[in-house]
Amino acid sequence: MKLAATPGSPLAGEAAIPGDKSCSHRALIFGAMADGETRIEGLLESADVLATARAVEAFGAKVERGEGGQWRVQGAPWRSPVEPVDCGNSGTAARLLMGAVAGMPGLKAIFTGDASLSARPMGRVTAPLARMGARIEGSDRLPIVVEGARLGGIDYRNVPASAQVKSAILLAGLRTEAQARVLEPMPSRDHSEIMLSIFGCDVSVDDTPEGWAVSLGDERGLSGRDLKIGADPSSAAFPLVAAAVVPGSNVMVRGIIVNPLRTGLYEVLETMGAEIELSGERIQSGEVVADIRIRHSNLGPCHVSAERVPAMVDEIPALAVACAFADGESVIEGLGELRVKESDRLGAIVAGLAACGVVAVADGDALRIFGKGDVRGGAGIATRGDHRIAMAFLTLGLGAQAPVEVDEAEMIATSFPGFVETMQGIGADIG
């Protein structure tokens, strides 16, 4: 299914943003491992997260959607699934579930995924799990077999920073009394640490001369909890960037997660001259959430160092759109991880911008975008099956001189079901 975005009137109003994808995956997995029932409000009902729900059911947990969209997860002793565990397009599901299985002696599972996920590297997760004593069969790509064991400890240096690798190690460490410590010279997302604490696990985060040291304490059992998941900042990036680049726009999102390790995009937009207003900060299930309003403004270029990328890695396509409308050369460094996302996301950004009349160059792991303050558009974009590339270039089309069409859009549902309706709700001409 193709979709096109046509420039038109200013965008205005409140954009309804679904629950955070990272937190939704973790809520299901931790709830399935916990004693008792976990009730989840605001779970993202995307294809990726629903794949995780089916996966934990295959391991023996009971998962059901109740009235008003509240989900219930009843934890249970995990069993070996009869069939391979299909993680769909979700790297988070595959990598975190591998960690969970690794620490359960006698448990064995085959992990598979769609063509995109099966092309993504898994060695960074399976290598530390094998060091801890888990039995791994397979190569660096799915399908991979993980057999749980009585694990030993690990002191692991997480470079480059990956929240999925860290989370897999922590989940594996829940069933052992041995040391489970992850050192991060550059911190990755800390949703697992926050949520494990909410579930009753001892987790310490210490600032050491070598970086952040994340360790499991003596109490490693999980108990069911009531959770309310905040709005996803990665999904909110698209309507908010659209507001920043479409003249006359004024858009608000409510209850968005503003965890300091997730706000990199908004901090960079501020340095570019975006008019951003933050209000109503509060704590919700361990995470800081707030309301964010962005109004259109003339943007200047940015220079983003590699150290800042982990706080916005999923928002780089949206940031690239903002840079296309900025007046001057923007540089974003440290983007090697984008080569192994759902697509070669770095290459897709460069090709898409060029098709829309914006000069962009991938210089090693850096992206250089030469903005001129406006964008021609009028192009068809090859999304390469990547949901964030599709949403980014539809966002670009709203502010361009001519419509922009993406070659497929079904995969947007992996992270942002209702994207089109949400954008149409603030006045976007997408269809």
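Here's what I pulled together on the structure shown here. As the structure is a computational prediction, the values presented were derived from the model and not from experiment. (Residues numbered from 1 in each chain as written. Predicted model: local features only at pLDDT ≥ 70, side-chain atom pairs only at ≥ 80, totals over all residues. Heavy atoms only, no water.)

Quick look at the overall build of the protein
For step 1, the next point in the chain: Counting its secondary structure elements, the protein contains 13 helices and 24 strands.
For step 2, the next point in the chain: For 431 residues, the compact-globule estimate of 2.2 N^0.38 gives 22 Å, and the protein sits close to it at 21 Å.
For step 3, the next point in the chain: The C-alpha extent of the protein, read off along each of the three principal axes, is 60 × 45 × 40 Å.
For step 4, the next point in the chain: Restricting the contact set of the protein to residue pairs at least 6 apart, pairs at least 24 apart contribute 75%. (Helix = DSSP H or I, 4+ residues; strand = E, 2+ residues; numbered from the N terminus. Rg over C-alpha atoms; globule rule 2.2 N^0.38 Å. Contact = heavy atoms within 4.5 Å.)

Side note on the packing of helix α1 (residues 21-33) against helix α2 (residues 47-58)
For step 1, the next point in the chain: Two elements in contact, α1 and α2, have axes whose closest approach is 9 Å; the angle formed by their N-to-C orientations is 5 degrees. Taken as axis vectors, α1 and α2 run roughly parallel relative to one another. Within the contact between the two elements, α1 uses Lys 21, Ser 24, His 25, Leu 28, Ile 29 and Ala 32 and α2 uses Asp 48, Val 49, Thr 52, Ala 53 and Val 56.
For step 2, the next point in the chain: Among the residues making up the contact of α1 with α2, the classes are represented as 6 nonpolar, 3 polar and 2 charged. (Axes fitted to C-alpha atoms, helices over the stretch in contact; angles between N-to-C directions. Parallel < 35°, antiparallel > 145°, perpendicular 65-115°, else oblique. Nonpolar A, V, L, I, M, F, W, Y, C, P; charged D, E, K, R; others polar.)

Focus on the environment of Ala 311
For step 1, the next point in the chain: Mapping Ala 311 onto the fold places it in the loop between β18 (303-304) and α10 (316-325).
For step 2, the next point in the chain: Separated by 52 residues in the primary sequence, Ala 311 and Asn 259 place their C-alpha atoms 9.3 Å from one another.
For step 3, the next point in the chain: Setting aside chain neighbours within four positions, we find Ala 311 in contact with Pro 260, Leu 261, Arg 262, Thr 263 and Gly 264.

Looking at the state of the cysteines
For step 1, the next point in the chain: Counted under the stated rule, the structure contains 0 disulfides.
For step 2, the next point in the chain: You can see Cys 87 has no disulfide; the closest cysteine sulfur is in Cys 23, sitting 19 Å from it.
For step 3, the next point in the chain: Among the residues examined, Cys 87 registers a relative accessible area of 0% and is labelled buried. (Disulfide = S-S within 2.5 Å. Buried < 20%, exposed > 50% of the residue type's maximum accessible area, 1.4 Å probe, protein only.)

Describing unusual backbone geometry
For step 1, the next point in the chain: Omega for the bond connecting Leu 142 with Pro 143 falls within 30 degrees of zero, at 5 degrees, which places this linkage in the cis form.
For step 2, the next point in the chain: Locating Pro 143 in the fold gives a position in the loop between β8 (135-137) and β9 (144-147).
For step 3, the next point in the chain: Cis peptide bonds are those with omega within 30 degrees of zero, and the linkage from Val 159 to Pro 160 qualifies with -5 degrees.
For step 4, the next point in the chain: Looking at where Pro 160 falls in the secondary structure, it is placed in the loop between β10 (154-157) and α6 (163-173).
For step 5, the next point in the chain: Even without being a glycine, Ser 285 presents a positive backbone phi close to 50 degrees.
For step 6, the next point in the chain: Residue position: Ser 285 is located in the loop between β16 (275-284) and β17 (287-295).
For step 7, the next point in the chain: Although it is not a glycine, Arg 384 sits at a positive phi angle of roughly 60 degrees.
For step 8, the next point in the chain: By the element assignment, Arg 384 lies in the loop between β22 (380-381) and α12 (387-399).
For step 9, the next point in the chain: Arg 384 gets classed as partly exposed once you look at its relative accessible area, which sits at 42%.

Re helix α11 (residues 345-355)
For step 1, the next point in the chain: When you tally the buried positions in α11, you get 8 out of 11 residues, the bulk of the element.
For step 2, the next point in the chain: Arg 345, Leu 346, Gly 347, Ala 348, Ile 349, Val 350, Gly 352 and Leu 353 are the residues of α11 that are buried.
For step 3, the next point in the chain: Of the surrounding secondary structure, the elements contacted by the buried residues of α11 are α10, β20 (359-363), β21 (366-372), β22 and α12.
For step 4, the next point in the chain: Gly 357, located one to two residues past α11, shows a positive phi value of around 90 degrees.

Looking at the packing of aromatic side chains
For step 1, the next point in the chain: Following the criterion strictly, the structure yields 5 aromatic pairs and no others.
For step 2, the next point in the chain: Judged by centre distance (6.5 Å) and plane angle (40 degrees), the ring pair of Phe 59 and Phe 111 falls under tilted. On the criterion of sequence distance, the pair formed by Phe 59 in the loop between α2 and β4 (62-65) and Phe 111 in strand β7 (residues 108-112) is long-range, its members being 52 residues apart.
For step 3, the next point in the chain: Taking relative accessible area as the criterion, Phe 59 reaches 0% and is therefore assigned buried.
For step 4, the next point in the chain: Among the residues examined, Phe 111 registers a relative accessible area of 0% and is labelled buried. (Phe/Tyr/Trp six-rings, centres within 6.5 Å; stacked < 30°, edge-to-face > 60°.)

Overview of the packing of α1 against helix α7 (residues 191-198)
For step 1, the next point in the chain: At a closest axis distance of 10 Å, the pairing of α1 and α7 adopts a crossing angle of 40 degrees. The orientation of α1 relative to α7 falls into the category oblique. By crossing handedness, the relation of α1 to α7 is classed as right-handed. Taking contact as the criterion, the partners of Ser 22, Cys 23, Arg 26, Ala 27 and Phe 30 in α1 are, on α7, His 191, Ser 192, Met 195 and Leu 196.
For step 2, the next point in the chain: Grouping the amino acids of the contact of α1 with α7 by side-chain chemistry returns 5 nonpolar, 3 polar and 1 charged. (Left-handed = near helix turned anticlockwise from the far one by under 90°.)

Details of the pattern of salt bridges
For step 1, the next point in the chain: Within the structure shown, the criterion is met by 22 salt bridges.
For step 2, the next point in the chain: Between Lys 21 and Asp 48 there is a salt bridge, with the nearest N and O atoms lying 3.5 Å from each other. With Lys 21 in helix α1 and Asp 48 in helix α2, this pair connects stretches of sequence that are 27 residues apart. For the residue pair Lys 21 and Asp 48, the accessibility class agrees, reading buried in each case. (Salt bridge = Lys/Arg side-chain N within 4 Å of Asp/Glu carboxyl O.)

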